[in-house]
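What follows is each chain in one-letter form.
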Amino acid sequence: MRVQVIVTDLDRTLLRTDKSISDHTLRVWEKCRERGIKLFAASARPMRDVLEFGRKVHFDGVAATNGAVVAFEGEKLEYGMGRAECEAVLEKIAELGDVFISLETDVGLFSNRDIPQWKPTVYGGFPKIPEGVLPYKIIASSDNPMLYAEPGRFLTEGVYHTVADGKLLQVMSQNATKWKGVEHMLSRYGIPPENTVYFGDDNDDIDPIKNCGLGVAVANAIPEVLSVADRVAPSNDSDGVAMFLEELIGQA
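Where do I start with unusual backbone geometry in this structure?
Of all residues except glycine, most have a negative phi; of all peptide bonds, most are trans. Cis peptide bonds are those with omega within 30 degrees of zero, and the linkage from Phe126 to Pro127 qualifies with 15°. Within the secondary structure layout, Pro127 lies in the loop between strand E8 (121-122) and strand E9 (135-141). A positive phi angle, close to 50°, is found at Glu73, a residue other than glycine. Mapped onto the fold, Glu73 is located in the loop between strand E4 (69-72) and strand E5 (75-78). Note on Glu73: relative accessible area 47%, which makes it partly exposed.

Could you clarify how one ought to interpret the state of the cysteines in this entry?
Think of a disulfide as a covalent bridge from one cysteine sulfur atom to another cysteine sulfur atom. Taken as a whole and assessed by the stated rule, the structure comprises zero disulfides. This cysteine, Cys32, is not joined by any disulfide, and Cys212 carries the nearest cysteine sulfur, 15 Å off.

When you look at the sheet that holds strand E2 (residues 38-42) in this model, what are you seeing that I'm missing?
Adjacent strands of a sheet pair through backbone hydrogen bonds, lying either parallel or antiparallel. With respect to topology, eight strands assemble into an open sheet ordered E5-E4-E3-E2-E1-E12-E13-E14, the strand pairing being mixed. One side of each edge strand has no neighbouring strand; the edge strands of this open sheet are E5 and strand E14 (231-233). Strand-to-strand twist in this sheet, taken as the mean axis angle between neighbours without regard to direction, amounts to 15°. Judged from the three bridges that link them, E2 and strand E3 (residues 61-64) form a sheet pairing that is parallel. Within E3, the position partnered with Phe40 by the bridge is Gly61.

For this particular structure, what's the right way to read the sheet that holds strand E6 (residues 100-105)?
Reading across from one edge, E8-E7-E6-E9-E11-E10 is the order of the six strands in this open sheet, with mixed pairing throughout. Whereas interior strands pair on both sides, the edge strands pair on one side only; in this sheet they are E8 and strand E10 (159-164). By the bridge criterion, two bridges tie strand E7 (residues 108-111) to E8 in an arrangement that is parallel. Paired with Ser111 across the two strands is Val122, which belongs to E8. In the packing of helix H4 (residues 83-94) onto the sheet, contacts are made with E6, E9, E10 and strand E11 (168-173), and the angle to E9 comes to roughly 5°.

I'm lost on helix H6 (residues 178-189) in this one. Help?
Three- or four-residue spacings in an α-helix give side chains the same orientation, since the helix completes a turn every 3.6 residues. An ideal rise of 1.5 Å per residue puts 16 Å on twelve residues; H6 measures up with 17 Å between its terminal C-alpha atoms. Among the residues of H6, those classed as buried are Lys178, Trp179, Gly181, Val182, Met185, Leu186 and Tyr189. The buried side chains of H6 occupy one side of the element, clustering within an arc of 160° when seen end-on. Gly190 occupies a position one or two residues after H6 and carries a positive phi of about 70°.

Reading the values: the criteria
Residues numbered from 1 in each chain as written. Predicted model: local features only at pLDDT ≥ 70, side-chain atom pairs only at ≥ 80, totals over all residues. Heavy atoms only, no water. Helix = DSSP H or I, 4+ residues; strand = E, 2+ residues; numbered from the N terminus. Buried < 20%, exposed > 50% of the residue type's maximum accessible area, 1.4 Å probe, protein only. Disulfide = S-S within 2.5 Å. Pairing = 2+ DSSP bridges. Axes fitted to C-alpha atoms, helices over the stretch in contact; angles between N-to-C directions. Contact = heavy atoms within 4.5 Å. Expected span 1.5 Å × (residues − 1). Arc of directions from axis to C-beta.

Have a look at this one:
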């Protein structure tokens, strides 16, 4: 396989559980760059978070917020939800009662309660959304199991959902997926998917793992990801991405 691009998820994949990136991983990442390999990130995190990690790992392209925002070569693409469809979904979710709701937008994060590590703007107006924003993603969590039992009933036309880490319901535009974000970046550089390696661990990594030339799950991935991966790398806390790449580029 000719490797031209490496794409990685961040949380529970490239990042250790404590959200750190080891020196080992940084060294291997740089070796890949020295070989002329493009390095992309595909993450559920917002762009501001990915760029913070990017100060260390220097991504050539980023699909952030599950692909709602794609940035590469000075370009930025946005795939948000319509205001009406976003508010319709929020109205259905809010009917459950005690639900923690956040809305990622082009101007930052709004939440119905404070969560210090996320640093949101606390907003009490849901299901209405703030004026003048482009909604990227709804994030909801609750102790009420009905939020996760049939999440499809909250959806409207033009949106889809995933559940991250088994506890965060995410709702995005159907145009905002990690795989579509990866496709945009590959197309920009003229690189075919079959020359791409993808690393991931969760539901939103399934399509890119299946569609890239080599789809790799870290050992701590959910069963659904492990079942579709071409290969399995060691866990994120064992620097699995770096260990796999050392073997791969050593064979090139």
